[in-house]
Amino acid sequence: KMAAGGGWPAVCGKFRAARTLSAVESLKDPETEPYRSKYSARALLQEVKQLLSAAEEGGEERVLAVRQAVLEYELGVNHTDTEELSAGDEHLQRCTQLLEPHRLSPDCVSLYIQAQNNLGILWSERDDIETAQTYLESAEALYNQYMKEDGNPPLDPSEHFMPEEEKLTDQERSKRFEKAYTHTLYYLAQVYQHLDMIEKAAQYCHTTLKRQLEYCGYYPVEWARNAATLSQYYLSKECFMEARHCLAAASVIFSQAGNVPSAEDIDETEQEQHDLPERKAEIARCWIKYCLNLLQSARKLLEDNIGELDPDRQLELKAQRKKEEDEKEKGRKKAVLFGTSDICDSVLAMEEKVSSVYPLDFQEAREIFLVGQNYVQEAKEFFQVDGYVTDHIEIVQDHSALFKVLAFFEEDYERRCKMHKRRIDMLEPIYADLNPQYYLLICRQLQCELADTYYEMMDLKVAIGNRLEKLDSHTVKKINSLAQFAIKYYELFLDSLRNPDKVFPEKLEEDVLRPAMVAKFHIARLYGKLITSDSKKQLENMQTSLEYYTFLVDYCEKYPDAAPAVETELELSKEMVTLLPASMERLRAKLSPCV
C-alpha cells in the first residue's frame, strides 16, 4: 500500500539509486564539488522518507519502523561522509532508538550493529575515543548474544527496500553480517591502540586480519600493511614465531596486489597501484627488523658479563632447544594461523625461508643475517638517498647492526674485525655527505656508531697483538690508527654538544648524558692504549687520559643523579684517577736522571 507515484517498486528504485550515487558515482565527483553525489543521494533519501510517512495507515507498524530506521541509518552515514557530524549523530541515534526493542531479531540485528559501528567512527572523528569505545563494545556484545541465542543469517539492511524476488541467499546474508562484525573488531583494534591498550589492540587486529581472509573482504595492500605492523608488536614481545607468520602472510597477500581482483567491491585505486613499490619496501623493512631482533635476542641469551659468547650457556641452550622443539611448535601454531589452505601453503613456504628460533651458533646466525641483508637491498632500492635521506640512513644503520650482531657469533678475531670494517665502509660515506645543520641527531648517532666501531676494532687488534710473541710495527701502526679514528669521532660527537661559542655544557641534557659520558670514558681508555716508544709522548697521553677520567668523577660528584647512568664507567674511572698519578710519577722518575 503505497502513495501514488509508482508504488513500492518505485520507492525501492529511488532507494537503490541513492545507494548507487553514494557508493559508486561519488568516486567520480570533481574535486571542486567533492560531495555532489552525496548531496543528490541525500535528496533521494529524503524523498523516500516522505513517501514512507505518507504511506497509508494500517501498514504494519513494525515493518514501517524498521524501514524508517534504515533511512535514518543511510542519512546518518551520508551526513558523516560529508563531515556534518552533529546531523549524522542525530540520524544514527534515531535509527538505534527505532530498533532498540527489536535489536535481537534477524531483521534488525545487522542494521543495529552497523549503526553502532558508525556511531563509533563518528565519535572517534570527534576525538572522543571513550564514547566510541562504548558504542563498538556494545555492537560486539550484541553480535555475540545474537550468535548464541539465534545464529541464523540475519537480513541485510538493504533488503528492507528490495522486492521479494531479489532477496539475498542465506550465504550472502551471512557473509555481509560477518563483514559488519569484522568492521566492529577493526575499529575496536584502533580504539584500543588509541587508549594505549596495546595487547588488546594486537589481539583485535589479529582477529580482524584472520576474518578478512576468511570472508575474502580485504584490499591486499592494506591487509599486508596491517599484518606487517602487527608483526612489529610480536617482535616487541619476542614472539618470533608469530612475528614471522604475520610477515610471511603480509608478503604472500601483498603479492596478490594488482593481479588478483580483490573481493571488495571497488578495486584498489590508481594511487595504491602507484604506491606499490613503497609498500613493498616497507614490508622489507619489517623483515629487516625481524632478522635483527631475532639475532639480538639470541645474543642477549648467549653473552657473558663482558659481552662475549659463553660456550657453556650455548651448550645448555642447544640441549634445551632439542627437547622443546617438538612440543612447542604444534601447540602455538594453531592459535595464529591465517587463511585458507592455499594461502596457508604459500605462507608456510615463505616461513620456511627463515628460522623463528634463536640462532645459537655462527652458522645459524649467518642464515638469518643473509635473509636480513637481502631485505636491506630490497628496501634500499626504493628508499634511495635522494628523496629519502632519513629512511635510507636508517636502513643502512640496520645493515650495520646486522653485521655487528653477526660479529658476536664469529669466534675468529680477524674475521670479526673484517665485519666491523664493513660497517665503517657503509657508514663513513653517508656521514661525510650529511649536513649537521639539518641532520644533527643522525650525525650524532653516526659519530657514536663510527667511534664505537673503531674502538671495537682497536680492542680486537690489541687482543690479536697480545697473542703474538712480539708486537710488530705493522700491528702497532694499526692499533694506533684505529684508536686515533675512534678518538676523532668521539671528539666530533662531544663537539656537537658545545654551544655556538664552542663552550661545553655545564650540565648535560638527559638524552645525551650517557653517550657523552661513555665517549669521555672511551677517549680516556684510548689514550691509555696508544703505543709509543717516546716516554715523553707517553706521559702526555697519560695526562690526557687522566683528564678525561677526572671529568667523569667530578661530573658525577657535582650531579649525583647522573651516576646510575654510567655505573661501571664511573667505578673504573675512580680507580684510574687513583692509580694513574702513581704510574706517571714512576715514569717521570725514570725520565729525570738521578741527581
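Residues numbered from 1 in each chain as written. Predicted model: local features only at pLDDT ≥ 70, side-chain atom pairs only at ≥ 80, totals over all residues. Heavy atoms only, no water.

Undergrad: I'm lost on the pattern of salt bridges in this one. Help?
TA: Should the charged atoms of two oppositely charged side chains come close, the side chains can pair. This structure, assessed with the given rule, holds 42 salt bridges. A salt bridge links arginine 94 to glutamate 90; the nearest nitrogen and oxygen atoms lie 3.7 Å apart. With arginine 94 and glutamate 90 both in helix H4 (residues 85-99) and four residues apart, this pair spans about one turn of that helix. The closest approach of N and O atoms between arginine 279 and aspartate 275, which form a salt bridge, is 3.7 Å. On the criterion of helical spacing, the pair formed by arginine 279 and aspartate 275 is a turn pair, its members being four residues apart in helix H11 (residues 270-302). Each member of the pair arginine 279 and aspartate 275 is classed as buried. Each member of the salt-bridge network shares a partner with another, and the members are Lys49, Glu72, Glu90 and Arg94. (Salt bridge = Lys/Arg side-chain N within 4 Å of Asp/Glu carboxyl O. Helix = DSSP H or I, 4+ residues; strand = E, 2+ residues; numbered from the N terminus. Buried < 20%, exposed > 50% of the residue type's maximum accessible area, 1.4 Å probe, protein only.)

Undergrad: Even after reading the chapter, I still don't get the nonpolar core, so can you show me in this structure?
TA: A general trend in soluble globular proteins is that nonpolar side chains are found buried together. In terms of nonpolar packing, the biggest core is built from 175 residues, with Phe161, Trp223, Trp287, Tyr290, Phe409 and Leu508 touching the most fellow members. Split by domain, this core shows at least three residues from each of two domains, domain 1 (56-218) and domain 2 (526-594). What tryptophan 287 contacts, discounting residues up to four positions off in sequence, is Arg244, Leu247, Ala248, Ser251, Met350, Val354 and Tyr375. (Core = buried A, V, L, I, M, F, W, Y, C linked by side-chain atoms within 4.5 Å. Domains from an automatic or database assignment. Contact = heavy atoms within 4.5 Å.)

Undergrad: Is there a simple way to explain the packing of helix H18 (residues 473-496) against helix H19 (residues 510-529) in this structure?
TA: Describing two packed helices takes the angle between their axes plus the distance from one axis to the other. Remark: H18 packs on H19, axes separated minimally by 9 Å, with the N-to-C direction vectors making an angle of 155°. With respect to H19, the axis of H18 lies roughly antiparallel. In this structure, H18 crosses over H19, and the sense of that crossing is left-handed. In contact with Ile479, Asn480, Ala483, Ala486, Ile487, Tyr490, Glu491, Phe493 and Leu494 of H18, H19 contributes Pro515, Ala516, Ala519, Lys520, His522, Ile523, Leu526, Tyr527 and Lys529. By residue class, the composition of the contact of H18 with H19 is 13 nonpolar, two polar and three charged. (Axes fitted to C-alpha atoms, helices over the stretch in contact; angles between N-to-C directions. Parallel < 35°, antiparallel > 145°, perpendicular 65-115°, else oblique. Left-handed = near helix turned anticlockwise from the far one by under 90°. Nonpolar A, V, L, I, M, F, W, Y, C, P; charged D, E, K, R; others polar.)

Undergrad: Sorry, what's going on with the domain arrangement of the protein chain here?
TA: By convention, interface size is frequently given as the accessible area that disappears when the constituent parts associate. The domain architecture assigned to the protein chain consists of domain 1 (56-218) and domain 2 (526-594). Computed from C-alpha atoms alone, the centre-to-centre distance between domain 1 and domain 2 is 72 Å.

Undergrad: What should I look at first to understand a nonpolar patch on the surface in this one?
TA: Taken together, the side chains of Leu468, Leu471 and Ile531 make up a nonpolar region of the molecular surface, amounting to roughly 210 Å² of accessible area. Positionally, isoleucine 531 belongs in the loop between H19 and helix H20 (535-558). (Patch = residues over 30% accessible without salt bridge, like charges linked within 9 Å, V, L, I, M, F, W, Y side chains within 5 Å. Areas by Shrake-Rupley, 256 points an atom, 1.4 Å probe, with all protein chains shown as cover.)

Undergrad: Looking at this structure, I do not really get H20. What am I missing?
TA: Given a rise of 1.5 Å per residue, 24 residues ought to cover 34 Å, and the 34 Å separating the end C-alpha atoms of H20 matches this to within 8%. When H20 is considered as a whole, its buried residues turn out to be Leu539, Asn541, Met542, Ser545, Leu546, Tyr548, Tyr549, Leu552, Val553, Tyr555 and Cys556. Looking at the buried positions of H20, the neighbouring elements they touch are H18, H19 and helix H21 (567-591). (Expected span 1.5 Å × (residues − 1).)

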